[in-house]
There are 2 protein chains.
Amino acid sequence: DIVPVTRALISVSDKTGIVEFATFLASQNVHLLSTGGTAHQLRQAGLTVTDVAEYTGAVECLDGRVKTLHPKVHGGLLGVRGNPQHEREMQDNGIQNIDMTILNLYPFEQTVNSGAPMAQCIENIDIGGPSMLRSTAKNHAFTTIVTSPDQYAKVQACMQQHGGTRLALRQALAAQAFALSAAYDSAIATWFSEQLTDNDANVPEPVVARIYQPAFPLKYGCNPQQSPAKILSRLGSKLPFDVKNGTPGYINLLDAANAWQLVLELQQATGLAAAASFKHVSPAGAAVAVPLNDLEMQAYEVQPEDAAALTPVALAYLRARNADPMCSFGDFCAVSEQVDEATARYLKKEVSDGIVAPSYTPQALEILKAKKGGKFIILEATPDYQPGDFEYREVYGMTFSQKRNDVIIGKQHMENVVTAQKEMNVRDAIVASICIKYTQSNSVGFAKDGMMVGVGAGQQSRVDCVKLAGRKVATWYLRQHPKVLALPFRAGVKRQDRVNARVRYIEGDFTAEEKTRWEAMFTEVPQVLTDAEKDAFLKGSTGISLSSDAFFPFRDSIDHASKLGVSFVAQPGGSVQDDQVTEACNEYGMAMAFTGVRLFHH
Amino acid sequence: DIVPVTRALISVSDKTGIVEFATFLASQNVHLLSTGGTAHQLRQAGLTVTDVAEYTGAVECLDGRVKTLHPKVHGGLLGVRGNPQHEREMQDNGIQNIDMTILNLYPFEQTVNSGAPMAQCIENIDIGGPSMLRSTAKNHAFTTIVTSPDQYAKVQACMQQHGGTRLALRQALAAQAFALSAAYDSAIATWFSEQLTDNDANVPEPVVARIYQPAFPLKYGCNPQQSPAKILSRLGSKLPFDVKNGTPGYINLLDAANAWQLVLELQQATGLAAAASFKHVSPAGAAVAVPLNDLEMQAYEVQPEDAAALTPVALAYLRARNADPMCSFGDFCAVSEQVDEATARYLKKEVSDGIVAPSYTPQALEILKAKKGGKFIILEATPDYQPGDFEYREVYGMTFSQKRNDVIIGKQHMENVVTAQKEMNVRDAIVASICIKYTQSNSVGFAKDGMMVGVGAGQQSRVDCVKLAGRKVATWYLRQHPKVLALPFRAGVKRQDRVNARVRYIEGDFTAEEKTRWEAMFTEVPQVLTDAEKDAFLKGSTGISLSSDAFFPFRDSIDHASKLGVSFVAQPGGSVQDDQVTEACNEYGMAMAFTGVRLFHH
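The residue numbering used here restarts from 1 in each chain and proceeds along that chain's sequence as written. Working convention: letters from A go to chains and numbers from 1 go to ligands, in the order in which they are written. Totals for whole chains, interfaces and linings use every residue, but because this is a predicted model, local features are given only for residues with pLDDT of at least 70 and side-chain atom pairs only at 80 or more, for both listing and counting. Computation of side-chain values: all heavy atoms of the structure, hydrogens and water removed.

Focus: the packing of helix α15 (residues 341-348) of chain B against helix α16 (residues 362-369) of chain B
Each pair of packed helices can be described by the angle between their axes along with the distance between the axes.
Residues and elements named next belong to chain B.
Inference 1: Each axis is a line fitted through C-alpha atoms, taken for helices only over the stretch in contact, and angles between the N-to-C directions span 0 to 180 degrees. Numbering of helices and strands starts at the N terminus; helices are DSSP runs of H or I of at least 4 residues and strands are runs of E of at least 2. Here α15 crosses α16 at 10°, and the two axes come no closer than 8 Å. Comparing their axes, α16 and α15 come out roughly parallel. In contact with Glu 341, Ala 344, Arg 345, Leu 347 and Lys 348 of α15, α16 contributes Gln 363, Ala 364, Ile 367 and Leu 368.
Inference 2: The residue classification treats Ala, Val, Leu, Ile, Met, Phe, Trp, Tyr, Cys and Pro as nonpolar and Asp, Glu, Lys and Arg as charged. All others, Gly included, are polar. Considering only residue class, the contact of α15 with α16 consists of 5 nonpolar, 1 polar and 3 charged. Orientation categories follow fixed angle ranges, with anything under 35 degrees roughly parallel, anything over 145 roughly antiparallel, 65 to 115 roughly perpendicular, and all other angles oblique. Contacts are assigned to residue pairs that have any heavy atoms within 4.5 Å of one another.

Structural notes on the nonpolar core
The tendency in soluble globular proteins is for nonpolar side chains to be buried side by side.
Inference 1: Nonpolar cores were defined as sets of buried Ala, Val, Leu, Ile, Met, Phe, Trp, Tyr and Cys residues, with membership established by side-chain atoms within 4.5 Å. Under the scheme applied here, a residue whose accessible area is under 20% of the maximum for its type counts as buried, over 50% as exposed, and between as partly exposed, the area being computed with a 1.4 Å probe on protein chains only. Within the largest apolar cluster, 134 residues are counted, with the highest numbers of intra-cluster contacts made by Leu25(A), Met100(A), Ile102(A), Leu25(B), Met100(B) and Ile102(B).
Inference 2: In contact with Met100(A), not counting residues within four places along its chain, are Val5(A), Arg7(A), Ala8(A), Leu9(A), Phe21(A), Leu25(A), Thr144(A), Val146(A), Val155(A), Met159(A) and Thr165(A).
Inference 3: Within the second largest apolar cluster, 70 residues are counted, among which are Ala501(B), Ile506(B), Leu564(B) and Met592(B).

What about unusual backbone geometry?
Inference 1: The step from Ser441(A) to Asn442(A) runs through a cis peptide bond, and the omega angle for that step is -15°.
Inference 2: Take Asn442(A): it is sitting in the loop between α17 (426-437) and β16 (444-448).
Inference 3: A cis amide bond links Ser227(B) with the next residue in sequence, Pro228(B), at an omega value of 0°.
Inference 4: Tracing the backbone through its elements, the reader meets Pro228(B) in the loop between β6 (208-218) and β7 (229-234).
Inference 5: Even without being a glycine, Val281(A) presents a positive backbone phi close to 65°.
Inference 6: Summarising the element assignment, Val281(A) is placed in the loop between β9 (274-279) and β10 (282-288).
Inference 7: Its identity is not glycine, yet His280(B) carries a phi of approximately 50°, on the positive side.
Inference 8: Along the chain, His280(B) turns up in the loop between β9 (274-279) and β10 (282-288).

With respect to the relation of the copies chain B and chain A
Inference 1: In screw terms, the move from chain B to chain A is a rotation of 180° and a rise of 0.1 Å along the axis, fitting with an RMSD of 0.6 Å. Expressed as a symmetry operation, the mapping of one chain copy onto the other fits a two-fold axis. Least squares is the method for superposing the copies, and the C-alpha atoms it fits come from residues with pLDDT of at least 70 in both.

Here we look at the pattern of salt bridges
Residue and element names in this part refer to chain B.
Inference 1: Within this document, salt bridges are pairs made up of a side-chain nitrogen of Lys or Arg and a carboxyl oxygen of Asp or Glu, the two lying within 4 Å of each other. Counting across every chain of the model gives 64 salt bridges over all chains.
Inference 2: The salt bridge partner of Arg 321 is Asp 331, with a shortest N-O separation of 3.0 Å. Of the two residues, Arg 321 is situated in helix α14 (residues 312-321) and Asp 331 in strand β11 (residues 331-335); the sequence distance between them amounts to 10 residues.
Inference 3: Where Arg 321 meets Glu 350, a salt bridge forms, and the shortest distance between an N and an O atom there is 3.5 Å. With a gap of 29 residues between them, Arg 321 in helix α14 and Glu 350 in the loop between α15 and β12 (352-357) connect regions that are remote in the sequence.
Inference 4: Assessed through its relative accessible area of 1%, Arg 321 is described here as buried.
Inference 5: Classification of Glu 350 as buried rests on a relative accessible area of 6%.

With respect to the confidence of the model for chain A
Inference 1: Across the chain, each position has a pLDDT score giving the predictor's confidence in that residue, from 0 to 100. Across chain A, pLDDT averages 93, with 98% of residues at or above 70.
Inference 2: The ipTM value of the predicted complex is 0.85, and its pTM value is 0.86.

Considerations on the packing of helix α1 (residues 18-27) of chain B against helix α9 (residues 152-162) of chain B
Residues and elements named next belong to chain B.
Inference 1: At a minimum axis separation of 11 Å, α1 and α9 run at an interaxial angle of 15°. Judged by the inter-axis angle, α1 sits roughly parallel to α9. Here α1 runs over α9; the crossing is left-handed. Contacts between α1 and α9 involve Ile 18, Phe 21, Phe 24 and Leu 25 from the former and Tyr 152, Val 155, Gln 156, Met 159 and Gln 160 from the latter.
Inference 2: Of the residues that constitute the contact of α1 with α9, the class distribution is 7 nonpolar, 2 polar and no charged. By convention, the crossing between two helices is left-handed when the near helix turns anticlockwise from the far helix through less than a right angle, and right-handed when the turn is clockwise.

Here's the deal with the interface of chain B and chain A
Inference 1: The interface of chain B with chain A comprises 155 residues on the first partner and 157 residues on the second.
Inference 2: Buried area, as used here, totals the accessible surface that two parts lose on assembly, with accessibility defined by a 1.4 Å probe and the loss added over both. Carbon and sulfur atoms make up 57% of the surface buried where chain B meets chain A, a total of about 14,300 Å² over both sides.
Inference 3: The largest contributions to the chain B side of the interface with chain A come from Glu394(B), Tyr396(B) and Gln460(B), which together make up 7% of the buried area.
Inference 4: Between Glu507(B) and Lys467(A) there is a salt bridge, with the nearest N and O atoms lying 2.8 Å from each other.
Inference 5: Polar contact is defined as a pair of N or O atoms within 3.5 Å, subject to the rule that within protein one atom must be able to donate a hydrogen and the other to accept it, and that residues adjacent in sequence are counted only when both atoms are side-chain atoms. There are 75 residue pairs in polar contact (both at pLDDT 80 or more) connecting chain B and chain A.
Inference 6: If one sorts the elements of the side of chain B that touches chain A by residue count, helix α10 (residues 167-195) of chain B sits on top with 18 residues.
Inference 7: For the side of chain B that touches chain A, the per-class residue count stands at 76 nonpolar, 43 polar and 36 charged.
Inference 8: Here, any two strands with at least 2 DSSP bridges between them count as paired. Bridging between strand β15 (residues 398-403) of chain A and β7(B) involves 4 bridges; their strand directions are antiparallel. Looking at the pairing, Thr399(A) lines up with Leu232(B) of β7(B).

Topic: the sheet that holds strand β1 (residues 7-11) of chain A
Across a sheet, paired strands are connected by hydrogen bonds in the backbone, their directions being either parallel or antiparallel.
Residues and elements named next belong to chain A.
Inference 1: Overall, parallel pairing links the 5 strands, which are arranged β3-β2-β1-β4-β5 in an open sheet. The open sheet terminates on both sides in strands that have one partner only, identified here as β3 (49-51) and β5 (144-146). Neighbouring strand axes in the sheet, compared pairwise and without regard to direction, differ in orientation by 25° on average.
Inference 2: In this structure, strand β4 (residues 100-103) lies alongside β5, joined through 3 bridges in parallel fashion. Residue pairing for β5: Thr 101 is matched across the bridge by Ile 145.
Inference 3: Helix α1 (residues 18-27) rests against β1, β2 (31-34) and β4 of the sheet, and its axis sits at about 170° to β4.

What follows is the structure in structure tokens.
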């Protein structure tokens with residue numbers, strides 16, 4: 001399946017490496033055909049080149065629009081080698097075999113992106129290039145299509161080794177070429193439909209082409225049986241992350257995409273370093289860098305001597321990880337600023353799958369690379385990354401297309417306060433709202449001191465979200481109860497076991513077997529934390545902000561939230577029962593803002 | 001912007017309507033150029049046609065591979081009208097204006113789908129057609145590209161009205177043409193990459209083109225600010241559903257896609273009619289048609305005189321809707337068989353957004369169409385629909401590709417029973433497992449009598465799922481408590497209010513304001529249902545099956561499940577603590593199967 005190359009047609013706008021490659025071809029006695037600028041450059045390099053016009057014998061006209069659209073070019077590409085009739089007809093018509101085409105297409109998309117006027121964009125629609133590309137690719141049994149400088153080394157190596165091109169290489173290059181052609185015309189079609197001056201309903205809407213270039217394979221998709229799986233980017237676009245360590249999985253990357261957007265928006269909205277801790281595509285916690293008080297330091301096991309060393313990023317991550325530390329076990333985290341050594345040292349102690357951040361100090365990177373036996377996933381966010389405006393998603397053969405949810409939550413969303421109490425905790429209401437923007441719906445979130453203290457994700461009724469998140473709020477708050485702080489752990493009990501043991505102590509619903517194991521962690525058996533003690537302590541909770549991804553249909557959610565120390569509520573508004581919900585807030589002295597923005601997320 | 005048509009080139013494989021259209025063109029004094037079979041057919045119809053070969057003067061050779069790849073054809077298409085130099089050069093070279101091209105592309109995809117050998121598929125890659133298509137579309141300021149018989153009437157109408165083609169029409173046709181070309185080369189590229197004989201790692205993986213045709217617009221996406229949004233299908237593929245009534249939204253269709261797959265698989269696995277009730281892309285309930293006992297009939301408000309009329313579909317929906325009727329408020333439902341009048345009458349009473357089913361009796365359709373003031377969404381599933389093997393999803397500029405989760409859960413997954421107790425309730429374990437396959441992760445589900453009785457969706461820790469779903473199981477079971485069944489509702493209290501009032505009675509955590517409203521629904525104030533009464537009644541719960549979408553990392557989930565009457569457990573297995581989990585099951589006399597299949601769903 002080796003085909004020797006006797007004649008190559010070269011027509012490239014990207015001249016990278018072309019002289020070297022053409023020189024190699026000439027050294028293999030390949031006859032070079034070329035056009036315009038390419039021919040000039042090759043001749044300057046001392047190569048012998050035949051002009052295409054000289055070969056076809058056609059007069060160059062129409063500003064060169066048709067110079068390669070000629071039977072002597074396409075016949076040379078398309079003739080079936082070894083077919084006696086074809087060979088005779090080629091000879092009769094002076095058509096010579098062209099065995100390789102090296103070309104780029106005119107840079108249509110760059111022209112559009114440069115803001116060029118319409119006429120110039122149209123002028124940059126390549127006609128001759130795609131035609132030669134397609135003829136060469138079709139006839140790949142005999143011909144080789146080279147469409148990018150990336151491919152020169154490979155073709156050269158193959159010719160050096162085999163004296164020609166192998167079928168497998170020609171096939172792969174042909175597949176690449178058709179994909180390139182599809183991508184090229186897709187870009188043109190998309191641009192064209194945006195230019196239409198008359199949205200005549202009788203003209204059918206054009207099809208949409210999403211062209212992706214493979215970036216890296218995944219071990220599998222959502223589950224091991226969902227293989228193969230891979231990550232791709234839109235052709236010509238970069239990925240939002242660079243993998244610096246480890247092998248991210250499908251769900252890791254879903255977590256990373258959501259967590260990263262969350263912390264970016266938190267930082268932009270508050271001006272503070274932000275962090276998030278994700279599990280199963282919802283945040284277990286998220287926070288901005290607000291200093292810790294003494295009780296919190298005790299509850300989160302921060303030693304007083306370490307407190308001074310807490311950088312803003314470390315502080316944000318510490319808060320994010322301590323919203324629901326039992327759920328955050330094995331999380332994927334994101335931070336909005338460079339990861340420093342202080343943050344890395346803190347992270348090192350936690351069981352975690354990976355991190356995404358804008359950058360890492362060398363010391364931090366060294367610490368993190370050593371985590372999980374070297375398998376800790378480290379992603380670096382692409383600077384100034386802009387995702388596209390529209391997202392496409394295939395589910396059961398339906399393709400869902402929608403504009404990205406690019407609303408920027410800010411203080412303007414907290415200004416329509418409909419309650420008697422007018423003062424919102426704007427920062428915390430924003431933190432909670434941005435957090436639920438990236439939480440699977442239905443969702444509500446509770447925030448205090450710049451930190452999520454309860455996230456209720458994925459529920460089918462609004463009040464279920466409030467109850468679910470509310471239980472987390474109560475557990476978070478009770479972690480500061482004197483009896484919890486005083487639990488007499490034996491030496492040697494591990495950090496995560498201490499975290500879980502405290503939560504179970506608060507929840508109190510042990511089975512017999514579990515109780516025995518639990519009690520063994522202490523130097524003496526702790527006294528029960530009674531419901532009455534919990535209720536009494538919870539009365540001290542106050543100033544919590546609650547945000548909901550959709551309106552409250554009834555007042556029951558507010559009634560429930562009142563038991564948890566909620567003082568501030570943010571929700572879109574728009575229920576027929578808004579008045580009753582507002583009345584409930586007034587009864588409890590809460591301030592409530594109607595944001596006007598629904599934040600469903602799926 | 002009107003351009004008269006003096007010369008048209010016609011080359012079509014689909015001859016539908018071409019004689020009529022060409023006859024019209026001839027009547028407008030359009031000179032016809034054509035090739036081969038098309039020319040023959042037009043001449044038979046009495047039209048005067050010039051052969052392209054006669055016009056170009058080139059000898060036809062290479063089996064016609066290059067007949068239109070000629071400067072006289074492409075110059076005629078690409079020449080800039082009104083440009084003196086172009087016009088002079090065209091005259092000098094005998095190039096005449098060609099103002100319209102009417103063509104189809106060779107049917108590449110049909111050839112591939114027919115199972116043709118590779119050489120024949122390659123032969124069906126059209127070269128001349130796409131070249132003319134692209135030249136004509138590029139020069140649409142002057143030329144008209146017609147690529148489908150669907151477009152003839154529109155072009156004819158325009159020419160009759162204006163004496164030529166309008167710019168808006170030429171632009172729209174050009175956009176269509178480039179989209180067609182993109183789709184064509186995308187199909188070729190995809191096919192090519194499947195044929196590659198050598199997965200040489202040095203050959204870059206081809207890009208992937210997903211080509212979609214718009215099906216219908218959506219009012220908006222996940223949220224009102226996410227507009228525009230639409231539903232598309234892969235080019236050449238149909239959608240899984242036909243919209244028979246109403247205007248489905250983005251989340252409705254996500255629900256429909258998941259709910260429909262769920263009921264199809266339930267029916268296939270059990271041989272029984274199946275139904276599901278979805279909210280926010282997770283099931284609130286799902287069930288197969290198992291008869292109701294007397295207590296259930298009371299709890300679900302089925303009158304004894306109506307019981308006999310319950311068809312299997314009605315029975316399945318009734319059970320699905322009664323797993324968690326508070327959550328199912330405003331649901332999207334799916335049933336696996338034709339919707340009959342009995343089912344429609346039951347559905348009519350419920351607050352629901354829409355339904356998907358394989359078909360509807362005329363009476364059922366009439367009842368459902370009248371729901372929600374005529375806005376009830378009715379989808380009919382496409383018979384024998386096959387979604388593609390791979391799904392693509394864009395998130396924040398990353399494209400995730402994975403094989404669909406096409407594992408078929410069946411009794412073989414319940415055979416690896418690792419406990420002392422060996423007997424599983426295979427049907428219920430399968431029902432629970434298929435249900436969680438379509439539930440947002442992490443998830444666990446509890447089933448009894450072919451019916452989900454608790455679905456825990458979207459949680460970040462396994463034991464949280466069990467607790468969340470467990471609370472639902474308890475509420476479901478306690479709806480059969482004598483004190484609940486005996487609640488003395490006033491006449492006139494609505495069905496959904498009765499449903500919610502019972503649930504709140506069981507939950508018992510009223511706020512003061514809520515309690516007053518609640519008590520007003522009764523002829524006398526009901527006695528409290530005490531924790532002790534609830535615990536005592538719950539001891540009667542038994543024979544429940546539990547399925548988990550991933551392994552139990554610790555025994556705590558089993559400990560917790562033991563309080564709810566769980567006798568059967570299905571889970572993938574594979575935790576380092578499998579032994580302790582199995583030991584816990586043995587302590588409680590549960591049977592547990594390791595399915596070996598993880599069922600994460602996002």
